[in-house]
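Observations on the three-dimensional arrangement
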Amino acid sequence: MAMPAAVHRWTVEERDALPDDRVRRELLDGELLVSPACSGAHQEILRRLLRLVGDFVERHGVGTASFAPFDIVYSANDVLEPDLVVLPVPVSTLGKNWNGTDIPPTLVVEIVSPSSRTRDYRRKRDFYVAGHALEYWIVDPERRSVVVARPGEHDVAHADELVWQPARLPARGAALRIDINALFAGLPSGE
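Residues numbered from 1 in each chain as written. Predicted model: local features only at pLDDT ≥ 70, side-chain atom pairs only at ≥ 80, totals over all residues. Heavy atoms only, no water.

Pairing between the strands of a sheet is mediated by backbone hydrogen bonds and can be parallel or antiparallel. Ordered by their spatial adjacency, 6 strands build an open sheet running β3-β6-β8-β9-β10-β11, and the pairing between neighbours is mixed. Two strands close off the open sheet at either side, each with one partner strand: β3 (64-67) and β11 (156-158). Here the average twist between neighbouring strands, direction ignored, is 20 degrees. Where strand β9 (residues 136-140) and strand β10 (residues 145-149) come together, 5 bridges link them in antiparallel fashion. Of the residues in β10, the one forming a bridge with W137 is V148. Set on the sheet, helix α3 (residues 117-132) makes contact with β8 (107-111), β9 and β10; between it and β9 the angle comes to about 170 degrees. (Pairing = 2+ DSSP bridges. Helix = DSSP H or I, 4+ residues; strand = E, 2+ residues; numbered from the N terminus. Axes fitted to C-alpha atoms, helices over the stretch in contact; angles between N-to-C directions. Contact = heavy atoms within 4.5 Å.)

It is worth spelling out the pairing of strand β4 (residues 71-75) at this point. Across the 5 residues of β4, 4 count as buried, placing the element largely inside the fold. Note that β4 and strand β5 (residues 78-80) share 3 bridges and pair antiparallel. For I72, the partnering residue across the bridge sits in β5 and is L80. Hairpin connection from β4 to β5: 2 residues lie between these consecutive antiparallel strands. (Buried < 20%, exposed > 50% of the residue type's maximum accessible area, 1.4 Å probe, protein only.)

As a further point, take the packing of aromatic side chains. Here the structure, examined in full by the defined rule, presents 5 aromatic pairs. Ring centres 5.7 Å apart and planes at 50 degrees place the aromatic pair F56 and W164 in the tilted group. Of this pair, F56 sits in helix α2 (residues 40-60) while W164 sits in strand β12 (residues 161-164), and the two are 108 residues apart along the sequence. Side by side, F56 and W164 carry an identical accessibility label, which is buried. Relative to Y136, the ring of Y128 has its centre 5.0 Å away and its plane inclined at 35 degrees; by these criteria the two rings are tilted. Taking relative accessible area as the criterion, Y128 reaches 1% and is therefore assigned buried. Counting every residue linked through ring pairs, the aromatic cluster contains Y74, F127, Y128 and Y136. Directly above the ring of Y121 sits R143, whose terminal nitrogen or CZ lies 5.0 Å from the centroid. (Phe/Tyr/Trp six-rings, centres within 6.5 Å; stacked < 30°, edge-to-face > 60°. Lys NZ or Arg CZ within 6 Å of the ring centre and 35° of its normal.)

Across soluble globular proteins, you tend to see nonpolar side chains buried next to one another. By size, the foremost hydrophobic cluster in this structure holds 26 residues, and its most contacted members are L49, V53, W137, V139 and W164. In this structure, W164 is in contact with V53, F56, V57, V86, T106, L107, E135, W137, A175 and L176, ignoring residues within four places of it in sequence. Grouped together as the second largest cluster of nonpolar side chains are 19 residues, L28, L87, V112 and A149 included. (Core = buried A, V, L, I, M, F, W, Y, C linked by side-chain atoms within 4.5 Å.)

Moving on, we come to unusual backbone geometry. One non-glycine residue, R144, adopts positive backbone phi at about 55 degrees. Along the chain, the position of R144 falls in the loop between β9 and β10.

This is the structure we're talking about:
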């Protein structure tokens, strides 16, 4: 009986040595995850979310909102590049990437595309709710919904309105309200 071939576990150094050909390359448990360039609808959803979330984060002083390409390095074999991330530090302290082992991101957002559906809903969700983010949003243009996942809680799907109160927000009663229909207005339902 033949022994299965050993699976290569990629490292951040190996990934960084690959040519810059405008594809997203992430590592999850040493597996190289490659995604093609995003569609215009994907970019428009990201632009809308960045404006909403970024303005809220800045106004309430709860950190910095950033977007891809921006690496979050959890280990030599786990490097992810979410579409949108909220980090609990001022922008002046950010470098080229974020060390996710020190302090987990306040929020990680992935916008689902046909090639990333299973990965976003399963593997990345499981990774982030295992303590690698305080909150994870799966923004799904096809379903026109946003699923919110938090460690130790059941996932909640929002189809009308999402109310976000960051875990690190001082108790001031401030919340960001996102109209889900407006988020997807005028955009195709799939990528």
